[in-house]
Every structure is written in structure tokens, then in C-alpha cells.
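What the coordinates show
Listed here are the chains, written in short residue letters.
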Amino acid sequence: MKVVALISGGKDSCYNMMQCVAAGHQIVALANLRPAENEKDELDSYMYQTVGHQAIDLYAEAMDLPLYRRSIVGTSLDIGREYSECDGDEVEDLYHLLKLVKEKEGVEGVSVGAILSDYQRIRVENVCKRLNLQPLAYLWRRNQEDLLREMISSNIQAMIIKVAAFGLDPDKHLGKTLDQMEVYLKQLSTQYGVHVCGEGGEYETFTLDCPLFKKKIVIDSSEAVIHSADAFAPVGYLRFLKMHVADKPNNSSASTTVTDSCPCMNYVGDITEFVEDNEQKQTPQVQIASDLCRDTLWDYKRFCPLRTKHGYQWICGISGSSVHSERSSIQDQTKQVFTLLQGEVEARGFELNDMVLVHLYVKSMSDFCAINSLYQSYFDVNPPARVCVEAPLPDGELLQIDCLLYKCEITGDDTSSQQKQVMHVQSISHWAPANIGPYSQSIKVGEAIFCAGQIALMPCTMQLVQGGVRTEARLSFSHVEKVLDAMNTGLTLSHVLLANCYVTNKKNIGLVQKIWDKKLKEQSSKDEDYGEAERKCGPLVIAVVPHLPRGAEVELHVIAACDDPRQRKSSHMTKELTLGNIEYEVLESSSAASATISLSLSLPPSPDTPLNTEDIVKDLSGSFNEALHKLDDNLSPLCFRAFYKQSSTAARLLLSGFVQSVKQSLDDRSSAVSLVPVEDLPFSRTLHITCWLSK
């Protein structure tokens, strides 16, 4: 696409331009915001680097590209976590600048050199969304040591023009180049936590040459300005006095190759071990003669619990089957679903923007685009995280939706920690897939993090990775882990309380489970090296569904907790039945603020004797109540997600009895129920029920 590059003169904006070119985009213009005339060189700006602005005009000559500049007249007014259009804010100067460039050059994308600043990213993305431009931030959340090495190796010639950190001295370090400073910057990072790429404002740079330049910039004279003579961390910068551009040798640019391999794949690893398919071949499940009709089971879908004291509520059972026309279109059912959903939400004192997590089940993935176009009309900024899979829904039901709502009910000093925090990265990068659709990567409330389902899209292209299910599983798991770490530094898959993994082929269950176990083992090995206790992670619940978005073979969705996984309370039990067994796992966060229960029923595919459904239901209910009693009394079950084999009458009958029994036993701690028909479950499981609990 045609791209305008936001430039400050520094190494980051320059290297991101190189990444854009390497990705096949065309840089057609440059854009820069500068101090107004007679303003000081270094503005007190949350958004823009202005030191070195005197030499920016030479960029246009060096790259032989048009340069659009605008003076910064606004100030930092809206400095909150999110940004909305605000007259007089310096962000609006960027809007007007990019609006002009789009009108003049017809650009479709914007090159942005952001690495770690959510503040800058959110505001650039806000402007881009208003102008229908795609932000390209290929440096976003990259390892800074790797980035610095790549920049130097890619022949970026940049000099330090400002220092503002302990260990950096204006007299010693101003004017030094990146390659001269690399070793020292790494030392400062190790000793004092200095960001190697200067993302904490420790230093700023100006690029004199790079492979994209047709000419190089030469600084003839400059002067050092001491902004603050602090004894420990003096702040100083260079003011350029005289500069010019000069021809490069042979008047040619060096190669624009930026990396030997795509950074998107750095964390995927190589899974080459053969995994024997120990899964039983799919065989017809025993069919129990009964007069159970579909409506008997589905009556429980609309059962909604009370709001918890912390402000959570789950709403289930909103489906397209409410439309009584046999020929209703997917558009009709989607509109009806949201009419019903909005009514349920408002009846309980919420709004649609109080949604935290949505599960969307569709009868045919071919309807996804039609559903999505209507879905996005109900959400604007910071939509809920979302999981979307195809499921064998009942006849006439084209989609089914359930959602978790949250409105802070806590008063006093704890309110800030319980406010909703949203991660909705829309920039194309090498980090994780951009959410250019109507959903967020994750939402954090208190200690709980609710993640969107992740498939194995290559972040830099937003196309499904090639390489089969092994690569897909590794990459989708890596995406989830990156989102968790970005939401709360240091979080890994071992912080997961509840994990649902959807696959499209039963033969891949063993491989996906093995890859998951290996990821957790890698973390355990690190803990063992430090003599730390084992982390307790929730089980991976795998279900086979017909199709996933984009034709993916694996999708992972998790709920995690910002707690200490080593201090979690857990319990596991297997109860043998006359035919089959019941297994449950209980996991409570170290703070006892949230927990999960996993309950599964395995039955032989063709039992020699009839099933005693009444006894099995009693055992299932008893096992759940036993698991529930192992948890903190203040925890309330919010939602049962019951995966059951769609082809099995036994599964539907047992599930109906279980739901009715649990509903009676829970009383005021009643839970919502989401019934999810699937094609298959691992081994001989007939049902797999998960339950999330919170205060």
C-alpha cells in the first residue's frame, strides 16, 4: 500500500520505514510535527520528539520524497488511558497533518516507529481510524536488544542528540553513534534498567544515513545545550547549527534487507517429534431412547444468574432460533440476536459497552463476514474480547451468543484496581495479530484477564501461517502469551486459569496437547533452575468443531489471573463408574478472587449394558458440588460452558439432568449455562463442562 512515514528524525521511525519497504509497501511521503516558530527546541510533549527538528527538511532531499510539516499548536490535554477527539490537544495537530497528506498523496497506511508506548500508539491509532488509514508499527513490543542490533546491522547511521538518564553524560555521549554506544547501553540496561532503545526517554537520536536515503545528511556544526544540570542524571541535547546533504558512494543505497527471518516466527520453535495418534477412532455413541426433545435442554440456556458483588454477570442463550421464520437470513437473525441481547443487558442495568467477553458460535463460518459487518455496528472504541467458532447448532439456529458483563460495584480505595483495562492494538506489527475487527485482544478487570481467541495469523501480513497444525498451534499459543505479557509484564501461559482450545480435526488433539504441555514444561524448567515451586495452570479443554475463522486448524482462548501460580490451590479427582468415569480439576487463584472447575464425563462408545442415566447425573452433580466445596465460599459460579457431542443423545440427556440438578443445588449462587454442541471431544469423553467463578 501507499504509505506516509511519520518521522521525528530518530532511528525508530527510520527503521520502521525500512520494515514497511521490506513488507512490500511504498513510502510516498514523509510527515513531521515541529515546534512553532520562536518555540524552544524541546517541547514538553507526550507525543512528539522535537529535538533535531532543524534538520528534518533535509530528510526530504535525502530520500527524494515530499515532506509535509505542521507546527504543534495544541498541548497535552487528554492524557488518560484512552483518547477521544479533543479540540486543542496536540493529537489533533497530527490528525490535520495526516488528513492533508491523505488528500494530496492518496496514502492508505501510516508508518509509526512506536516500540513500547501505549500512550503514543493509542493516539496514532485513534487518528488513523478517523481517517481510515492503517497504522504500520513493525517495531511494536519487539525485544529492544534485538532491535538495536538489527538497526546497526541494517546500516542505520544514527547519532545520539539527547540524553536524560543515569549513566548518560551530555559531555561524553552526545554525538556518539549507535554502534559506538551499543555495548555501553546494554551495560546500563543490566545495571540500571535503562531501555536499550531509549523507550523510557533515556536518549534520542537523529538518523544521518540509512539504506533508504539516496543522499546522506552531514552535520557541519552543532552546540550542546544543558537542559538540566542534575548531578546524577543531567539532561542535555544537541542543537544543529549548520548541516547539508551529500552524495553517497556510487549514488546508490545499500540493501534494504532488515532481518534474515520474519520476527513473527521467533517464538514458534520447531516441533518435529512424531506424535502417535492414540485417540480412539470416532465411533457411533450409544443412543438412549427417550422422549427428550431439543427444547427441554435449550430451556436452560436463558437461565441467568444474579450479579456478583464485584459487578460480574454472564448472559447466555441468545440465539437466532428466536426468529420464527424458517427462511430468515443470517442478517435477520443477527439483528434479532442483538435486539434480544441489548434488551437482556439493559434489563440488568448494563450497557453493551460493559461487555468484557463474547462467545460467538455460528452454524456456518461462511456467514462470518455478514455477521461481523452487523456485529461491529454495535461497538465503537474498545469492544469486548471475542471468541468465534463454527458449531453444529440446532436446525434453524444460525448463531448463538453469550457474554460476560462487568460494572465496578466496589467503592473505596480498591476502585482503581477494579477498573476495566482494554488492549485493542490495531497496528500491523511483528508482535501479535492486529485487531482491525470489532474485538479487543484482551480485557483486564482486577486480577482477571479475558483474552480473545487467537488463531495462527502472521502478524505482519494478517494471513494464516503456512506449515500445518504444528506451526499453527505454536504460533497461536505464542500470540496468547504475548498478549498476556503485554497486558501485565511477566505473565505466561502458566498464569492461565481456564483454557479452551478448538481444533478442526480429532487426529490433531494429541499433537496440540503435547505442544501445550511442552510450553508449560519450558516455564517449569526455568522455575526449577531457580529452585522455585511448580506453577499450577488450568487444564487445556479441547473440542473438535467443523471450522474456524480463516480456515485455521487451531484456536486458543484463555482466561488468566495476575497472581502467583505457585501459590494456587488445586485439586484433582477421578471417579470410576460402572461404565466410564468422571474427572474434575479445581484451580483457585492465589488471591482466592477467581477460580475454575473442569468436569468431564467419559463413556464407552458401545457399552454392553444400558446406561443408568439417573445415577450418572447424580454422580456428575455430586462431583461438581464436591469440587465447589473445595473453593473459597465467597466465590460464585458465573457460567457453565458445556461442550457435548452433538451426535450423542446420551450427552444431551445427561446434560439436561445435570443442569437441572445443579440449578436446584446452587440456589442464590446460580450460574448461567452455555450449551455448546461440538463434533467430538478427546478420547471417550461425552461431556466436558468448565465453570468460571468469581467474587
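Residues numbered from 1 in each chain as written. Predicted model: local features only at pLDDT ≥ 70, side-chain atom pairs only at ≥ 80, totals over all residues. Heavy atoms only, no water.

**Details of the overall build of the protein**
Where we set the bar: The helix count covers DSSP runs of H or I at least four residues long, the strand count covers runs of E at least two residues long, and both are numbered beginning at the N terminus. Working definition: with a 1.4 Å probe on protein chains only, accessible area under 20% of the residue-type maximum means buried, over 50% means exposed, and in between means partly exposed. Note on contacts: a residue pair is in contact if any heavy atoms of the two residues lie within 4.5 Å. Surface accessibility in these figures is a Shrake-Rupley result with a 1.4 Å probe; residues are shielded only by whichever protein chains are displayed.
Along the protein, the regular secondary structure elements total 14 helices and 27 strands. Residues classed as buried in the protein amount to 58% of the 695 residues present. Taking as baseline every contact in the protein between residues at least 6 positions apart, the subset at least 24 positions apart corresponds to 78%. With the model as given, the accessible surface of the protein reaches about 28000 Å², and the carbon-plus-sulfur share is 45%.

**Some details on the side chain of Glu 90**
Using the following cut-off: Counted as positive: Lys and Arg. Counted as negative: Asp and Glu. His and the chain ends are not counted at all. Just to be clear on terms, a salt bridge is a Lys or Arg side-chain nitrogen sitting within 4 Å of an Asp or Glu carboxyl oxygen. Contacts described as polar in this section are N or O atom pairs within 3.5 Å, which, within protein, must combine one atom able to donate a hydrogen with one able to accept it, while residues neighboring in sequence count only if both atoms come from side chains.
Relative to the assigned elements, Glu 90 resides in helix α3 (residues 90-105). Buried Glu 90, no salt bridge; nearest opposite-charge side chain is Arg 123, N-O distance 6.9 Å. In terms of polar contacts, Glu 90 uses its side chain to reach the backbone amide nitrogen of Met 47, at 3.4 Å.

**Some words on helix α9 (residues 330-347)**
Quick note on the threshold: Any helix carries an expected span of 1.5 Å times its number of residues minus one. Working note: the arc is built from the helix axis to C-beta atom directions.
For α9, with 18 residues, the first-to-last C-alpha span of 25 Å sits near the 26 Å given by 1.5 Å per residue. Restricting attention to buried positions, one finds in α9 the residues Ile 330, Gln 333, Thr 334, Val 337, Phe 338, Leu 341, Glu 344 and Val 345. Down the axis of α9, the smallest arc covering the buried residues is 130°, so these residues share one side. The exposed residues of α9 that point more than 90 degrees off its buried face are Thr 339, Glu 346 and Ala 347.

**Some words on the packing of α3 against helix α4 (residues 118-131)**
Inclusion rule: Only the stretch in contact is used when fitting a helix axis, every axis being a line fitted to C-alpha atoms; angles between N-to-C directions are given from 0 to 180 degrees. Here is the rule for angles: anything less than 35 degrees is roughly parallel, anything more than 145 is roughly antiparallel, 65 through 115 is roughly perpendicular, and the remaining ranges are oblique. By convention, the crossing between two helices is left-handed when the near helix turns anticlockwise from the far helix through less than a right angle, and right-handed when the turn is clockwise. Each residue is assigned to one of three groups, with Ala, Val, Leu, Ile, Met, Phe, Trp, Tyr, Cys and Pro labelled nonpolar, Asp, Glu, Lys and Arg labelled charged, and all others, Gly among them, labelled polar.
Contact pair α3 / α4: the axes reach a minimum separation of 10 Å and the direction vectors enclose 40°. Considering the angle they form, α3 stands oblique to α4. Between α3 and α4 lies a crossing whose hand is right-handed. Residues Val 91, Glu 92, Leu 94, Tyr 95, Leu 98, Lys 99 and Lys 102 of α3 pack against Arg 123, Val 124, Val 127, Arg 130 and Leu 131 of α4. When the residues that make up the contact of α3 with α4 are grouped by side-chain class, the tally is seven nonpolar, no polar and five charged.

**Re α4**
Spanning 14 residues, α4 covers 20 Å between terminal C-alpha atoms, matching the ideal 20 Å at 1.5 Å per step. Extensive coverage of α4 is indicated by the burial of ten of its 14 residues. Listing the buried residues of α4 in full gives Tyr 119, Arg 121, Ile 122, Arg 123, Val 124, Glu 125, Asn 126, Val 127, Cys 128 and Leu 131. Residues of α4 that are buried make contact with α3, β4 (109-111) and β5 (134-136). With its phi angle positive at about 55°, Asn 132 sits one or two positions after the end of α4.

**Comments concerning the sheet that holds strand β1 (residues 2-6)**
Let me state the cut-off plainly: DSSP calls a pair of strands paired once it identifies at least 2 bridges connecting them.
Across the sheet, which stays open at both edges, the five strands sit in the order β3-β2-β1-β4-β5 with parallel pairing between neighbours. Each of the sheet's edge strands pairs with one partner strand only, and the pair in question is β3 (67-72) and β5. Sheet twist, expressed as the average angle between the axes of neighbouring strands with direction ignored, equals 25°. Taken strand by strand, α3 contacts β1, β2 (26-35), β3 and β4, and its axis lies near 155° from that of β3.

**Comments concerning empty space enclosed by the protein**
What counts, and what does not: Using protein atoms alone on a 1 Å grid, points that fit a 1.4 Å probe yet trap it form a cavity, whereas open point sets bounded by protein on both sides within 12 Å along at least five of seven lines form a pocket; residues with an atom within 4 Å of a point count as lining. Grid points are joined across faces, edges and corners, and a volume is the space filled by probe spheres set on the points.
In this structure the tally under the stated criterion is two cavities of 30 Å³ or more. Volume-wise, the largest cavity comes out at about 70 Å³. Lining the largest cavity we find Trp 314, His 359, Leu 498, Asn 500, His 557, Ile 559, Cys 639, Phe 640, Arg 641, Thr 690, Cys 691 and Trp 692. Taken together, the residues of the lining of the largest cavity sort by class into seven nonpolar, four polar and one charged.

**A word on the state of the cysteines**
Defined as follows: Two cysteine sulfurs form a disulfide in these notes if their separation is within 2.5 Å.
Applying the stated criterion to the full structure yields zero disulfides. Cysteine Cys 562 shares no disulfide, and the gap to the nearest cysteine sulfur, in Cys 451, comes to 9.8 Å.

**What to know about a nonpolar patch on the surface**
As a reminder of what qualifies: Residues enter patches when their relative accessible area tops 30% and they take part in no salt bridge; the joining distance is 9 Å for like charges and 5 Å for the nonpolar side chains Val, Leu, Ile, Met, Phe, Trp and Tyr.
Residues Phe 166, Tyr 192 and Phe 232 make up a contiguous nonpolar surface patch of about 360 Å² in total accessible area. For Tyr 192, a relative accessible area of 47% gives the class partly exposed.

**Some remarks on unusual backbone geometry**
The phi dihedral of Asp 64 falls on the positive side, at around 60°, and the residue is not glycine. On the accessibility criterion, Asp 64 (55% relative accessible area) is exposed. Positive phi outside glycine occurs at Arg 141, with the angle close to 60°. Its place among the elements puts Arg 141 in the loop between β5 and α5 (144-153).

**Considering the nonpolar core**
What counts is decided by this rule: In plain words, nonpolar cores are sets of buried Ala, Val, Leu, Ile, Met, Phe, Trp, Tyr and Cys residues tied together by side-chain atoms within 4.5 Å.
By size, the foremost hydrophobic cluster in this structure holds 101 residues, and its most contacted members are Met 17, Tyr 59 and Phe 450. Setting aside chain neighbours within four positions, we find Met 17 in contact with Ala 5, Ile 7, Ile 27, Leu 30, Tyr 59, Met 63, Ser 111 and Leu 212. Tyr 68, Val 101, Val 124 and Leu 493 belong to the second largest nonpolar core, which has 64 residues in total.

**Regarding the pattern of salt bridges**
Counting across every chain of the model gives 27 salt bridges. The closest approach of N and O atoms between Glu 103 and Lys 99, which form a salt bridge, is 2.8 Å. Placement of both Glu 103 and Lys 99 in helix α3 is noted, with a separation of four residues, approximately one turn of the helix. On the accessibility criterion, Lys 99 (32% relative accessible area) is partly exposed. Note that Asp 118 is salt-bridged to Arg 121, the shortest N-O span being 2.8 Å. In this pair, Asp 118 and Arg 121 both sit in helix α4, three residues apart, roughly one turn of the helix.

**Observations concerning the pairing of strand β27 (residues 685-694)**
Taking burial as the measure, the ten residues of β27 include ten buried ones, the bulk of the element. Direction of pairing for strand β24 (residues 594-602) relative to β27: antiparallel, over a ladder of nine bridges. For Thr 596, the partnering residue across the bridge sits in β27 and is Trp 692. In this structure, strand β25 (residues 636-645) lies alongside β27, joined through eight bridges in antiparallel fashion. In the strand pairing of β27, Arg 641 is matched with Thr 690.

**Points about the pairing of β24**
For a regular strand, the rule is simple: side chains alternate between the two faces of the sheet. Across the nine residues of β24, nine count as buried, placing the element largely inside the fold. In terms of strand pairing, strand β23 (residues 581-588) meets β24 through eight bridges, oriented antiparallel. Across the sheet, Leu 587 pairs through a bridge with Thr 596, a residue of β24. In textbook terms, the turn of a hairpin is the stretch between consecutive antiparallel strands, and for β23 and β24 this stretch comprises five residues, one of which, Ala 592, has a positive phi near 60°.

**Quick look at the packing of α5 against helix α7 (residues 178-192)**
The axes of two packed helices give the description: the angle between them and the distance between them. Between α5 and α7, the shortest axis-to-axis distance is 10 Å and the interhelical angle comes to 165°. As the angle between them shows, α5 and α7 are arranged roughly antiparallel. In this structure, α5 meets α7 at a crossing whose hand is left-handed. On the side of α5, the interface is formed by Glu 145, Leu 148, Arg 149 and Ile 152, while α7 contributes Leu 178, Asp 179, Glu 182, Leu 185 and Lys 186.

**Looking at the environment of Ala 31**
Locating Ala 31 in the fold gives a position in strand β2. Classification of Ala 31 as buried rests on a relative accessible area of 1%. Separated by 70 residues in the primary sequence, Ala 31 and Val 101 place their C-alpha atoms 7.9 Å from one another. Contacts of Ala 31, omitting those with residues within four sequence positions, involve Val 4, Ala 5, Leu 6, Ile 7, Leu 67, Tyr 68, Leu 97 and Val 101.

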